[in-house]
Amino acid sequence: MLMLSTVVNNAPLPPFSPALWSVVLVVSHYDVPADMVAEESGPGAQNSPYQLRRKSVLSKRTACPAKSPMEGASTSTTESFGPRAKRPRLSGKPLDLPAAPAEQYLQEKLPDEVVLKIFSYLLEQDLCQVARVCKRFSELANDPILWKRLYMEVFEYTRPMMHPEPGKFYQINPEEYEQPNPWKESFQQLCKGAHVKPGFAEHFYSNPARYKGRENMLYYDTIEDALGGVQEAHFEGLIFVHSGIYTDEWIYIESPITMIGAAPGKVSDKVIIENTRDSTFVFMEGSEDAYVGYMTIRFNPDDKSAQHHNAHHCLEITVNCSPIIDYCTIRSTCTVGSAVCVSGQGACPTIKHCNISDCENVGLYITDHAQGVYEDNEISNNALAGIWVKNHGNPIIRRNHIHHGRDVGVFTFDHGMGYFESCNIHRNRIAGFEVKAYANPTVVRCEIHHGQTGGIYVHEKGRGQFIENKIYANNFAGVWITSNSDPTIRGNAIYNGNQGGVYIFGDGRGLIEGNDIHGNALAGIQIRTNSCPIVRHNKIHDGQHGGIYVHEKGQGVIEENEVYSNTLAGVWVTTGSTPVLRRNRIHSGKQVGVYFYDNGHGVLEDNDIYNHMYSGVQISNPTLRRNKIHDGRDGGICIFNGGLSQCCTYFHFDFL
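Residues numbered from 1 in each chain as written. Predicted model: local features only at pLDDT ≥ 70, side-chain atom pairs only at ≥ 80, totals over all residues. Heavy atoms only, no water.

Our next topic: the overall build of the protein chain. Scanning the protein chain from terminus to terminus reveals 11 helices and 57 strands. The burial tally for the protein chain puts 50% of its 656 residues in the buried class. Counting contacts in the protein chain only where the partners sit at least 6 residues apart, residues at least 24 apart contribute 50% of the total. With an accessible surface of roughly 30,100 Å², the protein chain has 52% of that area assigned to carbon and sulfur atoms. (Helix = DSSP H or I, 4+ residues; strand = E, 2+ residues; numbered from the N terminus. Buried < 20%, exposed > 50% of the residue type's maximum accessible area, 1.4 Å probe, protein only. Contact = heavy atoms within 4.5 Å. Areas by Shrake-Rupley, 256 points an atom, 1.4 Å probe, with all protein chains shown as cover.)

Next up, the structure:
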């Protein structure tokens, strides 16, 4: 019998499993290859590995030479083969013996293909043990193909799923990974876990010899059983949910478990968890640091409009918990409530890389002082708002793609807040971003574009800070401000709108500062109906209409702006409006520079007005002080309709 329990590097080999011994014994019965027979006649014949096949050494030895009658009297084997060698006296020290013939053959001469074939019958623990035999075995036992086969058998992933730290999972392309064997590395990271694989648990536990070495793995038929079993077994809380549709399980999470889908291809398409009666997942106090990822989560009730479903969601995250939801597809067919509801003090999840789309209600609802971080999600085609933030909800929302909604893209109201950064918000049926009723979000470096109505809509005492955004190509105004709202619009590019750039009406307020407003079909800024914003440090140019249009008793302070190259007047003031225009540069227009008419009033002071196709200023009844009006192609100031203006201005006429 072939034995591998010799000393290697002065250390005994590890105890192999029965599976490994049975495979290795097959090699011990191989016939001697014909092309290797010559080795037995050489000096190394004593150690030839092919002596394994010799069942009886004595019967095969050559007969001794003929002896004299005197010598022939002795027939003992001792006399035939010489005196028996003395046995060496054993000591307590290990002997550095040369490798036995069989071991030498296995370790050095057996072809790689044969060794790999043998190793392909081993489980992961045996592979790790046999890798300790010698350098060659170590290299072959770490072959990525061997580990890929084992890995896919256990986890089903067709790409390695890396788990370098708690709460972090990601798949990689093996060809691009820096380490030579990502399959083995991932196996080591994921090996201690429970598996939900319907129908497999009975097979696994009834074949202990077949799966020897996988004591760190548990198998269950349902998610509910796995949640209970992991808690009872005091495991690390890692649960793999394998391919399948899991319906109407009560999944209430109140411990820091980790639950991840396990399937080939796109994992979330193959692992589907749905409920028809209650919230699909509920995270409760105690589930801080829980993780759910790589699966589809659906709420699909039979009665889709029942009012009691207002309290039911795909994901429900309650007070004092902060789970991570990662790479999930989230769908709700219910017409009330929301797909994801984050509610209550201390509710602070991290939701990232998820797809919250095609829901018949609100996509993501954050309310009642809830917070959280929401990053890199796809939120689209929801029947109501893509995101609702209400009642002092204060999330951080970064790099989300919010588009093609059947309502507004983002709706903050009733004291809702939040920090929105680098989001792409477009092609929503109503405004891209709506702010109402004392809501006060901060929106930074987002793109808000191609809205079927407006870009940003602030109304009914809404507030908010909109800073360094790109707001463009919306069907209506890029920014609407109305009904006593008072936002800050600063450092934005507002351009190429199918109507105006910024539209302030109905007692609107606000600070419009440092924006680049250009290329809009109507006025760059329009102020009307008792609105009174502060407009300063903006560039308003190349509009297809006028630059700034103040009418219907509009007011406001308009100062230190540069208004140029607009198709109509740089500034229009009409119908009882009374703005203050101060220290502006208004130039290079294709018509008049500043145009007061139809009972337009106001103050025009310290402005630099020049290089217009028509007169620099046309007035009826404003007050002009310390302005420079020059280089006009059709005069400096034109006073018409019995104008009663007060004028103290430096100007000269440049008639053609």
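Next comes the rest of the account.
For the rest of this paragraph, the subject is the packing of aromatic side chains. Counted under the stated rule, the structure contains 33 aromatic pairs. Here Phe 281 and Phe 283 contribute two aromatic rings whose centre-to-centre distance is 6.1 Å and whose plane-to-plane angle is 15 degrees, an arrangement assigned as stacked. On the basis of relative accessibility, which here comes to 0%, the residue Phe 283 falls in the buried class. Plain terms: the ring middles of Phe 420 and Phe 433 are 5.0 Å apart, the flat faces sit at 85 degrees to each other, and that makes the pair edge-to-face. In this pair, Phe 420 sits in strand 28 (residues 419–421) while Phe 433 sits in strand 30 (residues 433–436), placing the two residues 13 residues apart along the sequence. Using a relative accessible area of 0% as the deciding quantity, one classes Phe 433 as buried. (Phe/Tyr/Trp six-rings, centres within 6.5 Å; stacked < 30°, edge-to-face > 60°.)

What follows concerns a negative patch on the surface. Taken together, the side chains of Glu 202, Asp 221, Glu 224 and Asp 225 define an acidic patch exposed on the protein surface. Note on placement: Glu 224 falls in helix 10 (residues 223–233). (Patch = residues over 30% accessible without salt bridge, like charges linked within 9 Å, V, L, I, M, F, W, Y side chains within 5 Å. Salt bridge = Lys/Arg side-chain N within 4 Å of Asp/Glu carboxyl O. Lys, Arg positive; Asp, Glu negative; His and termini not counted. Charge placed at Lys NZ, Arg CZ, Asp CG, Glu CD.)

Our next topic: the nonpolar core. Counting 136 residues, the largest nonpolar core has Phe 119 and Phe 281 as its most contacted members. When residues of this core are assigned to their parent elements, the largest contribution, 6 residues, is made by helix 7 (residues 144–155). Among residues more than four places away in sequence, those in contact with Phe 281 are Ile 251, Ile 253, Met 259, Ile 273, Val 292, Met 295, Ile 297, Cys 314, Leu 315 and Glu 316. Among the nonpolar cores identified, the runner-up in size contains 6 residues, and Ala 523, Leu 568, Ala 569 and Val 592 belong to it. (Core = buried A, V, L, I, M, F, W, Y, C linked by side-chain atoms within 4.5 Å.)

Attention shifts here to the pairing of strand 4 (residues 168–171). Of the two faces of strand 4, only one is covered, namely that formed by Phe 169 and Gln 171; the face formed by Lys 168 and Tyr 170 stays uncovered. Pairing between strand 3 (residues 161–165) and strand 4: 3 bridges, direction antiparallel. Note that in strand 4 the partner of Glu 165 across the bridge is Lys 168. Following strand 3, the chain reverses through 2 residues before pairing antiparallel with strand 4; Gly 167 in that reversal takes a positive phi of roughly 75 degrees. (Pairing = 2+ DSSP bridges.)

All told, the structure shown has 26 salt bridges when counted by the stated rule. Glu 153 serves as the salt-bridge partner of Arg 149, at 3.8 Å between the closest nitrogen and oxygen. With Arg 149 and Glu 153 both in helix 7 and 4 residues apart, the pair spans about one turn of that helix. Overall, the relative accessible area of 35% leaves Arg 149 in the partly exposed class. For Glu 153, a relative accessible area of 28% gives the class partly exposed. A salt bridge links Glu 513 to Arg 490; the nearest nitrogen and oxygen atoms lie 2.8 Å apart. Placement of the pair is Glu 513 in strand 40 (residues 511–513) and Arg 490 in strand 37 (residues 488–490), with a sequence separation of 23 residues. For Glu 513, a relative accessible area of 12% corresponds to the buried category. Since its relative accessible area comes to 33%, Arg 490 is described here as partly exposed. One continuous salt-bridge network, built from bridges that share partners, spans Glu 559, Glu 560, Arg 582, Arg 583, Glu 605, Asp 606, Arg 625 and Arg 626.

This part is about unusual backbone geometry. Of note in the backbone geometry, Glu 560 takes a positive phi value of approximately 55 degrees without being a glycine. Along the chain, Glu 560 turns up in the loop between strand 46 (557–559) and strand 47 (562–564). At Ser 588, a residue that is not glycine, the phi angle is positive and equals roughly 60 degrees. Locating Ser 588 in the fold gives a position in the loop between strand 50 (585–587) and strand 51 (594–597). The exposure class of Ser 588 is partly exposed, given its relative accessible area of 24%.

Here we come to the packing of helix 7 against helix 8 (residues 182–190). Running from N to C, helix 7 and helix 8 cross one another at 35 degrees; their axes reach a closest spacing of 8 Å. Handedness of the helix 7/helix 8 crossing: left-handed. Mapping the contact onto sequence places Pro 144, Trp 147, Lys 148, Leu 150, Tyr 151, Val 154 and Phe 155 in helix 7 and Trp 183, Lys 184, Ser 186, Phe 187 and Leu 190 in helix 8. Class assignment of the residues belonging to the contact of helix 7 with helix 8 gives a composition of 9 nonpolar, 1 polar and 2 charged. (Axes fitted to C-alpha atoms, helices over the stretch in contact; angles between N-to-C directions. Left-handed = near helix turned anticlockwise from the far one by under 90°. Nonpolar A, V, L, I, M, F, W, Y, C, P; charged D, E, K, R; others polar.)

As a further point, take helix 4 (residues 112–119). Within helix 4, burial applies to Val 115, Ile 118 and Phe 119. Taken end-on, helix 4 shows its buried residues confined to a sector of 95 degrees, consistent with a single buried face. (Arc of directions from axis to C-beta.)

Once that is clear, we can look at the pairing of strand 42 (residues 525–528). Within a regular strand, side chains alternate between the sheet's two faces. Residues Ile 525 and Ile 527 line one face of strand 42 and the alternating positions Gln 526 and Arg 528 line the opposite face, and both faces are buried. Examined bridge by bridge, strand 42 and strand 45 (residues 548–551) share 4 bridges and lie parallel to one another. Each residue of the ladder has a partner; that of Gln 526, found in strand 45, is Tyr 549.

Of note, Tyr 438 is situated in the loop between strand 30 and strand 31 (442–444). Judged by relative accessible area, Tyr 438 falls into the partly exposed class, the value being 44%. Linking Tyr 438 and His 415, residues 23 residues apart in sequence, is a C-alpha distance of 4.9 Å. Among residues more than four places away in sequence, those in contact with Tyr 438 are His 415, Glu 460, Lys 461 and Gly 462.

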